[in-house]
Amino acid sequence: MIYTVTVNPALDYVLQLEKVNSGEVNRTNNDAFLAGGKGINVSQILNQLSVDNTAWGFVGGFTGKELVRQLNQKRIESDFVTISDNTRVNVKIHAEKETEINAAGPNITDQEITAFKDRLNDLKKGDIVVMSGSLTPSLPTDFYQSLLPTIKEAGAEFVVDTTGQALIDTLEYKPLVIKPNHHELADLFGVTFDFSDVMLEYAQKLLDMGAQNVMVSMAGEGGFLLTKDHVYHAKGAVGTAVNSVGAGDSMIAGFVGTYYKTQDPKEGFRIGMACGAATAFTKDIAVKSQIDAVLPQIKVEQIS
Ligand SMILES: Nc1ncnc2c1ncn2[C@@H]1O[C@H](COP(=O)(O)OP(=O)(O)OP(=O)(O)O)[C@@H](O)[C@H]1O
Ligand SMILES: O=P(O)(O)OC[C@@]1(O)O[C@H](CO)[C@@H](O)[C@@H]1O
């Protein structure tokens, strides 16, 4: 089983309008509340790839109820801890530019945290836990890291989609894959580089520090996969990008779901690239037909 963990999920309030005039009343052409949060987006793609998964995390209040209703409607399995505070609403403005306002998130009590940690007792060898997204202010900054010993003791694999020191701190536990984008990779080492061999040298350092696989994503410019044996490259799919929300989550989901089925990181990278592009080319998280439409464009080439 794959478990996605979204400790701070959201209803994404997506507003479409021509232009935003700051300081004035603006009116939308279209608006929708969509179940969101990075781990939940991973679950949505896993469902599209027919990979069994359960969404874990914390939900509460009227917003939490709506989130679970949408997941049930999409037949996404979930087992959240119910909290007394409200799940957040994140505002996504699609005008000439995309502007996002992500709320800090609800208060989570110690009792609710304990109830969540009890979920980890269900883990078995071969399971994969994918932890994604921001922590709420009431969770300790090392929350993800604190779960890793239990996950590893159960014989499960894990992925933490985070950046900076929090990502570095996970490496000693040997994450199945990490996926910095090229900016995040440079920031991790406090350097700047263009798309070059230097970038791959830094990605290699992350393998040496413990990551089992490293994907470096570069939005429309393609991406790289480094495994312990090889380095692979794939060009970006060509299409009209209409949304950047969830492309990274979709790429991780494509990799993890495919790896779970095949144990093949190269195939995971190919499907991951397609899932990321399919989501970038649609207003919501991509569905199967959109992923299938992009897939023939993704050619993975072994470069070493
Ligand atoms: N404009 C695009 N054209 C084609 N593919 C894209 C585009 N944007 C994203 N993708 C696909 O999605 C993957 C992840 O995108 P990106 O590199 O932007 O990750 P990210 O920065 O983690 O994304 P996010 O914006 O979701 O945080 C890319 O490797 C690529 O496969
Ligand atoms: O505030 P976080 O947890 O970093 O990001 C949350 C979020 O922006 O991530 C998803 C897209 O990746 C959205 O569905 C959601 O609103």
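Residues numbered from 1 in each chain as written. Chains lettered and ligands numbered in written order. Predicted model: local features only at pLDDT ≥ 70, side-chain atom pairs only at ≥ 80, totals over all residues. Heavy atoms only, no water.

Per an unreviewed UniProt entry, the protein goes by Tagatose-6-phosphate kinase and derives from Lactobacillus helveticus CIRM-BIA 953. Per UniProt, the comment on the protein under Pathway (unreviewed entry) is "Carbohydrate metabolism; D-tagatose 6-phosphate degradation; D-glyceraldehyde 3-phosphate and glycerone phosphate from D-tagatose 6-phosphate: step 1/2." The UniProt entry for the protein carries this comment under Function (unreviewed entry): "Catalyzes the ATP-dependent phosphorylation of fructose-l-phosphate to fructose-l,6-bisphosphate." (UniProt positions renumbered as here; feature names shortened; annotations may be inferred.)

Participant: Give me the packing of helix H3 (residues 110-119) against helix H4 (residues 143-153): which residues, what numbers.
Facilitator: Two numbers describe how H3 lies on H4: the axes approach to 11 Å, and their chain directions differ by 35°. Every pair of crossing elements has a handedness; the one defined by H3 and H4 is right-handed. Contact residues: H3 offers Ile113, Phe116 and Lys117, while H4 offers Phe143, Ser146 and Leu147. (Axes fitted to C-alpha atoms, helices over the stretch in contact; angles between N-to-C directions. Helix = DSSP H or I, 4+ residues; strand = E, 2+ residues; numbered from the N terminus. Left-handed = near helix turned anticlockwise from the far one by under 90°. Contact = heavy atoms within 4.5 Å.)

Participant: For the pairing of strand E1 (residues 2-6), give the residues involved together with the corresponding values.
Facilitator: The element E1 is largely enclosed, with a buried count of five among its five residues. Alternating residues of E1 divide into Ile2, Thr4 and Thr6 and Tyr3 and Val5, and every residue in both groups is buried. Across five bridges, the pairing between E1 and strand E4 (residues 53-60) is parallel. By the bridge assignment, Val5 is partnered in E4 with Trp56. Bridge count between E1 and strand E8 (residues 128-132): four bridges; the pairing is parallel. If you follow Thr4 over to E8, its bridge partner there is Val130. (Buried < 20%, exposed > 50% of the residue type's maximum accessible area, 1.4 Å probe, protein only. Pairing = 2+ DSSP bridges.)

Participant: Lay out helix H7 (residues 197-208) in plain terms, naming residues and giving numbers.
Facilitator: For H7, with twelve residues, the first-to-last C-alpha span of 17 Å sits near the 16 Å given by 1.5 Å per residue. Turning to H7, its buried residues are Met199, Leu200, Tyr202, Ala203, Leu206 and Leu207. Buried residues of H7 fall within an arc of 160° about the axis and therefore sit on the same side. Among the exposed residues of H7, those oriented more than 90 degrees off its buried face are Asp197, Glu201 and Asp208. Elements in contact with the buried residues of H7: helix H5 (164-168), helix H6 (182-188), strand E10 (214-217), strand E11 (223-226) and strand E12 (231-234). Following H7 by one or two positions, Gly210 adopts a phi angle in the positive range, close to 135°. (Expected span 1.5 Å × (residues − 1). Arc of directions from axis to C-beta.)

Participant: I'd like to hear about the packing of aromatic side chains, residue by residue, with values.
Facilitator: For the structure shown, the criterion picks out nine aromatic pairs. Ring geometry for Phe189 versus Tyr202: centroids 5.0 Å apart, planes at 40°, classification tilted. Taken together, the residues span a long stretch of sequence, with Phe189 in the loop between H6 and H7 and Tyr202 in helix H7 at a distance of 13 residues. Here Tyr202 falls in the buried class, since its relative accessible area comes to 18%. Geometrically, the ring pair formed by Phe193 and Tyr202 is stacked, given 6.0 Å between the ring centres and 20° between the ring planes. Grouping residues by exposure puts Phe193 and Tyr202 together as buried. (Phe/Tyr/Trp six-rings, centres within 6.5 Å; stacked < 30°, edge-to-face > 60°.)

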